[in-house]
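What the coordinates show
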Amino acid sequence: MREKKILLGAHQSIAGGVARALERGRSVGCDTVQIFVKSPNRWVSKPLTGQEVADFRTAVGQTGIWPVFAHSLYLVNLATPDDELWHRSLDALTDDLERCERLGLPGLVLHPGSHMGAGEEAGIARIVAALDQVHARLPGYAVQVWLEVTAGQGDSLGHTFGQLRAMIDGVKQPERLGICFDTAHAFAAGYELRTRQGYEATWAEFDLVLGLDRLRAIHLNDSKKELGSRVDRHDHIGQGLLGLEAFRFLVNDPRFYGIPMALETNKGPDLAEDRQNLAVLRSLIFQEP
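Below is a short write-up of the structure. Small disclaimer: the values here were computed from a predicted structure and weren't measured.

Let's talk about the sheet that holds strand S6 (residues 144-148)
Pairing is parallel in the closed barrel, where eight strands are placed in the order S1-S2-S3-S4-S6-S8-S9-S12. Mean inter-strand twist for the sheet, computed between neighbouring axes without regard to direction, equals 30°. As paired elements, strand S9 (residues 215-220) and strand S12 (residues 260-263) share three bridges and run parallel to each other. The partner of Ile-218 across the bridge, within S12, is Met-261. Contacting S6 and strand S8 (177-182), helix H5 (residues 161-170) runs over the sheet at an angle of about 165° to S8. Lying on the sheet, helix H9 (residues 272-283) is in contact with strand S1 (7-11), S9 and S12; it crosses S1 at an angle near 160°.

Next up, the structure:
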């Protein structure tokens, strides 16, 4: 069993094959990587080939990057009252999880969805029904769905720990769900992270409502929008309204050693922004605020 340590990384493109994401990750110094397992903006993509799977596993061994985890399609909306969209979302999520299982990934991050005016209770019920169907379709799968904390923009669900708890409590197999905490989303949703008092209060509430043992991944994003804005806009580390302190608290918190932390910030083809953001994060380690 590996010694637990701080695991920092970034979302990387799978252009040219899923193995290329790990090569990109190694080039910028990632310990962990998040990927899409297919095009994030298309309902249907060509299947993974056996060679792609083999190349990916070889790349994991060569780079030492692990864990690698995935993010679901942007198009998926399990909370929708629209039956056609709900069924398409169900099929797309099933396909994502099948791909993750073939690659041996531990989790797939999922935005729970938007209720589109139907209301919180109705939206959560749709999410629960969808997750139960997916779990029934994929018995015995090791890969989990990791529900993401959202900013709560529009009718999006998942912006309170209580909403996420309701989803977990509603499903028949809650052991197949985890949580992904996004710093920018949580801040925009109203959770304070910039002060020691606010940071500790947020995580105390997380532990009380969801349990720290349910946390599987953390997205490291600064926020362009203010506390409680309910607007999802990522910024580079230390350049947004969260500032450096929130990230200093995180990277020095031993409760989160071994939890993969990945950037989702904008970058160019040379990945310079990833290198810069990771350098800033590592510069904060073992520094007192």
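Details of the pairing of strand S2 (residues 32-35)
The two faces of S2 match: Thr-32 and Gln-34 on one face and Val-33 and Ile-35 on the other face are all buried. Relative to S2, S1 is paired through three bridges, and the arrangement is parallel. Looking across to S2, one finds that Ala-10 is bridged to Val-33. Each parallel crossover has a hand, and the one from S1 via helix H1 (residues 18-28) to S2 is right-handed. Relative to strand S3 (residues 68-71), S2 is paired through three bridges, and the arrangement is parallel. If you follow Ile-35 over to S3, its bridge partner there is Ala-70.

Reading guide: rules and limits
- Residues numbered from 1 in each chain as written.
- Predicted model: local features only at pLDDT ≥ 70, side-chain atom pairs only at ≥ 80, totals over all residues.
- Heavy atoms only, no water.
- Pairing = 2+ DSSP bridges.
- Helix = DSSP H or I, 4+ residues; strand = E, 2+ residues; numbered from the N terminus.
- Axes fitted to C-alpha atoms, helices over the stretch in contact; angles between N-to-C directions.
- Contact = heavy atoms within 4.5 Å.
- Buried < 20%, exposed > 50% of the residue type's maximum accessible area, 1.4 Å probe, protein only.
- Right-handed = clockwise from strand over helix to strand, strands pointing away.

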